[in-house]
Amino acid sequence: MRSHRRPLVALISMIVLVLIQSIADPTGLLALVGWSGAAPRWTELWTLAPYLVFVPVLLGVTWWVALRAGDRYWTLVVGFVLAILLAQAAACLVMTWDAVIAAWAAAYVTAKAVPTALIVAAAARWLGGPVSRERGERGAVLLPALLFGAVAPLVSGLWWTTVVYAPGVPIARPESGILSVVIAMALLAGATYVCLRWMRPRVRGVLGGWLAAVVAGALVGVVQALIALVIDGVQGDLWPLMAAYVTVADGLAFGACVGWVVGVAAVVVDRIRSATALRVVGAAIASVAVIALGVTVLVPVSLGAPDEPAEPPAGVLRAEGERIVDGDGNQVLLRGVNVNQLVDFYRPDRQVEATRPLTDEDFAGMAEQGFNVVRLGMSWSALEPERGELDEDYVAQIVAAVDSAKEHGLYVVLDMHQDSWWNEGTPEGTACRPGTDPMWGYDGAPGWATITDGAPRCQFQGRDISPASDRAFQHFYFDTEGAQSALVSTWAELAAMFKDEEAIAGYDLLNEPGFGETAPVTTSHLLGRFYERAITAIRAEGAEQIVFIEPSILWSGLGFDSGPRPGFSDDANLVYSPHLYAESITMDRSLGIAPIVSMDRQFDLALRAAGAYGMPLWSGEYGYWGDDADRVARLERYAALEDEHILGSAYWVWKQACGDPQGGLVDLTDSLMRQDCTTGEDAEPRTDLLEILSRAYPRSAPGILTSLSADGAGLRLTGTGGDGCGLEVWVPGSARPDVSSSGLSGVEVTVVPGGWSVTGCADGDYELTTAGA
């Protein structure tokens, strides 16, 4: 029994730690195996996978590691990290039956795996019996290391795909280019060679090579993080640390899920005695490397240029490369505001309205600020209170809003809005687990599409971490009881209504999707599946407008996210639409720490993500920067960055009611057009913010805009490839702007509500300035 003491200690320690975490974690998300309070569904395998798959795999590999990884602390740590990552991959595989997403998802438990492994390894090492510290023969090292590097591009899956991998960071992905792949292969082979030389004398058999591969993956991640730091630079935020975490986690997961190749190869080569046979093995590995490099060369060629999309109707906006363009090919900047006045909010105080009426005066006011787009929030709960039947009165409100927007020259983005899934708060009598608190409801889905399995409607550090809403999102992603299918059908009905409406810029399928219980299975794989289903349904109705794609709420909370996997849809008219809330409502602000992602960097990351998808970028929300002085300064920074990158976006929010749960019960609402909550009357608008938001900008421009800067009525822009009379520039103020230009003809200045419209025709390169730029 003495030989089994260490495995037994490790097993008991792991079980005790899993139980302690499960009991202490009030959300079901922070522990290795959490329990949110939701009842399992025996017909839904994903609800059982954490218990029937994760736990057995975890305990089985833990026993094997403790039995075979020797009595050295650090070999045990690596082994227990391997156990946890393999258990996560196995559980996600059972949830999705997709080995690629399951293997990549293993990286997402790194923050849980490492501290757990450190604790269990300490117990196993110092309570597990006598220490012998025996060393064996080193055995084969070079050929297994070369094999690991050679196979990497062939099994890259979804590893090394997120925004942390700046252009120039070596990754073993065929589409990254031959130089990047060769360097990554060399790094991985070299790190594996070094780790094998250290690990194999200490841990024998397949496990020794496997553990070496795990450590090698982590070391390559460190190198990638250092290179990314040089490329992305230091901006006073925590991004370099976050990037390092992601690269190391990717490397650990790659080593855990593919490293068995190293272990098996090392054992096989050890048993080969013939020099001829060794030469054959070496030639085979070289062949694998050649194939991998061949794939690297051929993949970009096979991808080629995307098929030409079907030409949308002339008046419909469309995505074209990095730009949004109109039917004549003019680049269009969509700049405007969010409207929440049709959202079906929870009412914290039944005596106070949660929204303000939406009238034609609102749209006239937006036009007077120079805005040309409205992101119109809608609620599924109000749209489809009974399953399968759209509410005619609510649909009429949406149609009336679109008509008013169109009358005042505004495009509309229809936004299926939700926050924390639905608009019910904590029921009376609910006992929230320690660490969580009762919460208000917010907005979103109807009750019939809300499946919580009894998980408590309580919140942990904010509304977006709630066991009930997390479980409801999980059911939505897995389409339990057809909840997701119902929303897909609802989008199809809306698309059929508006397919011929040129004022509809597009459809924003779901606001800030929640992460459910198993990111990235939910936030990448299943979110992408929902988007593809909804896009297909919309196109089947003949609606060719843009579809706006959001990453999950993690982007708004952290400043970055993985999002749906690249290639989730082959539709050509898509726009990537994260919410750029860096230095605003991101987690760092509530924790009082340095920004996780700075405002400047978030623009770069969002553009990098949009580029990976091959989509234009448009931020559907931004704002909320704290006190007044801070807010003005940050909005000025945001505006300058938006101009620098020649982008559009929608500010949150035009109006807010005193009973809006997002603003809390306050004396004065936090919106552009404010309400005095002591009197119920309109308060003075935020003219300090509106002066920045209503600055001059090109609503449309021929060819490609190459630079833009603006301050109030002053503007300077340049463009290239202009061919036609599509230039339209908004200039605010009552004073007629002094305009100068080159490369433009037929320049006219026309008074419009709130300011001026400058139009003209371009032929080739052009430049336009107004006084003050």
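Our structure is the block above this text.
Residues numbered from 1 in each chain as written. Predicted model: local features only at pLDDT ≥ 70, side-chain atom pairs only at ≥ 80, totals over all residues. Heavy atoms only, no water.

### Things to note about the overall build of the protein
1) Next: The helix and strand tally for the protein stands at 22 helices and 17 strands.
2) Next: Radius of gyration (C-alpha) of the protein: 28 Å, near the 28 Å computed for a compact globule of 773 residues.
3) Next: Projected onto its principal axes, the C-alpha positions of the protein cover 90 × 65 × 50 Å.
4) Next: Considering only contacts in the protein between residues 6 or more positions apart, those separated by 24 or more positions represent 73%.
5) Next: Looking at the protein as shown, the accessible area adds up to about 29600 Å², and 58% of this sits on carbon and sulfur atoms.
6) Next: Positive and negative charge centroids in the protein, built from 50 and 87 side chains respectively, lie 18 Å apart. (Helix = DSSP H or I, 4+ residues; strand = E, 2+ residues; numbered from the N terminus. Rg over C-alpha atoms; globule rule 2.2 N^0.38 Å. Contact = heavy atoms within 4.5 Å. Areas by Shrake-Rupley, 256 points an atom, 1.4 Å probe, with all protein chains shown as cover. Lys, Arg positive; Asp, Glu negative; His and termini not counted. Charge placed at Lys NZ, Arg CZ, Asp CG, Glu CD.)

### Regarding empty space enclosed by the protein
1) Next: Within this structure, the stated rule accounts for seven cavities of 30 Å³ or more.
2) Next: Space inside the largest cavity adds up to approximately 60 Å³.
3) Next: Forming the walls of the largest cavity are Q418, S420, R463, D464, S469, D470, F473, E512, G514 and I553.
4) Next: Per-element accounting of the lining of the largest cavity gives the leading share, three residues, to helix α15 (residues 467-477).
5) Next: Counted by class, the lining of the largest cavity contains two nonpolar, four polar and four charged residues. (1 Å grid on protein atoms, 1.4 Å probe; cavity = no way out; pocket = protein on both sides within 12 Å on 5 of 7 lines; lining within 4 Å. Points joined across faces, edges and corners; volume = space filled by probe spheres on them. Nonpolar A, V, L, I, M, F, W, Y, C, P; charged D, E, K, R; others polar.)

### Digging into unusual backbone geometry
1) Next: Omega for the peptide link from A519 to P520 comes to 5 degrees, which places this bond in the cis form.
2) Next: Mapped onto the fold, P520 is located in the loop between β9 (504-508) and α17 (521-540).
3) Next: At the junction of W652 and V653, the peptide bond is cis and its omega measures out at 15 degrees in the coordinates.
4) Next: Note that V653 resides in the loop between β12 (649-651) and α22 (687-693).
5) Next: Here Q461, not a glycine, exhibits a phi torsion of approximately 55 degrees, which is positive.
6) Next: Note on placement: Q461 falls in the loop between β8 (458-459) and α15.

### Some remarks on the state of the cysteines
1) Next: With the rule as written, the count across this model stands at three disulfides.
2) Next: One disulfide bridge connects C658 with C677, the sulfur atoms lying 2.1 Å from each other. The sign of the -100 degrees torsion about the S-S bond sets the C658-C677 disulfide as left-handed. Highlighted residues: C658 in the loop between β12 and α22 and C677 in the loop between β12 and α22, separated in sequence by 19 residues.
3) Next: Residue C677 is classed as partly exposed on the basis of its relative accessible area, which comes to 23%.
4) Next: Paired through a disulfide, C725 and C761 show a sulfur-sulfur distance of 1.9 Å. Between C725 and C761 the disulfide shows an S-S torsion of about 100 degrees. By sign, it is right-handed. With C725 in strand β15 (residues 714-732) and C761 in strand β17 (residues 755-770), the pair connects residues that are 36 residues apart, well separated along the chain.
5) Next: For the protein, numbering the cysteines in disulfides from first to last along the sequence yields the connectivity 1-2, 3-4, 5-6. (Disulfide = S-S within 2.5 Å. Buried < 20%, exposed > 50% of the residue type's maximum accessible area, 1.4 Å probe, protein only.)

### Side note on the packing of aromatic side chains
The relative placement of two aromatic rings is captured by the distance of their centres and the angle of their planes.
1) Next: The full count for this structure, using the stated rule, is 29 aromatic pairs.
2) Next: Residues Y73 and W74 carry aromatic rings whose centres are separated by 4.9 Å and whose planes lie at 70 degrees to one another, so their mutual orientation is edge-to-face.
3) Next: Measuring from ring centre to ring centre gives 5.1 Å for W159 and F254, while their planes differ by 90 degrees; the resulting arrangement is edge-to-face. One end of the pair, W159, is in the loop between α6 (142-151) and α7 (178-199); the other, F254, is in helix α9 (residues 239-258), with 95 residues separating them in the sequence. Note on accessibility: W159 and F254 belong to one class, buried. (Phe/Tyr/Trp six-rings, centres within 6.5 Å; stacked < 30°, edge-to-face > 60°.)

### Focus: the environment of D723
1) Next: Turning to its location among the elements, D723 is positioned in strand β15.
2) Next: Linking D723 and D763, residues 40 residues apart in sequence, is a C-alpha distance of 4.8 Å.
3) Next: Beyond its immediate chain neighbours, meaning those up to four positions away, D723 contacts P702 and A762.

### Details of the pattern of salt bridges
1) Next: Under the defined criterion, the tally for this structure stands at 36 salt bridges.
2) Next: The salt bridge involving E320 is made with R323; its shortest N-O contact spans 2.5 Å.
3) Next: Relative accessible area serves as the criterion here: at 13%, R323 is assigned to the buried category.
4) Next: Residues R375 and D415 are paired through a salt bridge, measuring 3.2 Å at the closest nitrogen-oxygen approach. Of the two residues, R375 is situated in strand β5 (residues 373-379) and D415 in strand β6 (residues 411-417); the sequence distance between them amounts to 40 residues.
5) Next: Among the residues examined, D415 registers a relative accessible area of 1% and is labelled buried.
6) Next: Several salt bridges converge on common partners, so that one network encompasses E583, R589, D600, D630, R634 and R637. (Salt bridge = Lys/Arg side-chain N within 4 Å of Asp/Glu carboxyl O.)

### Some remarks on a negative patch on the surface
1) Next: A cluster of like negative charges, contributed by D360, E361, D403 and E407, occupies part of the molecular surface.
2) Next: Of all the secondary-structure elements, those providing two or more residues to the negative patch are α12 (360-368) and α14 (392-407).
3) Next: Among the residues examined, D360 registers a relative accessible area of 34% and is labelled partly exposed. (Patch = residues over 30% accessible without salt bridge, like charges linked within 9 Å, V, L, I, M, F, W, Y side chains within 5 Å.)

Note that all results are geometric; they support no functional claim without further evidence.
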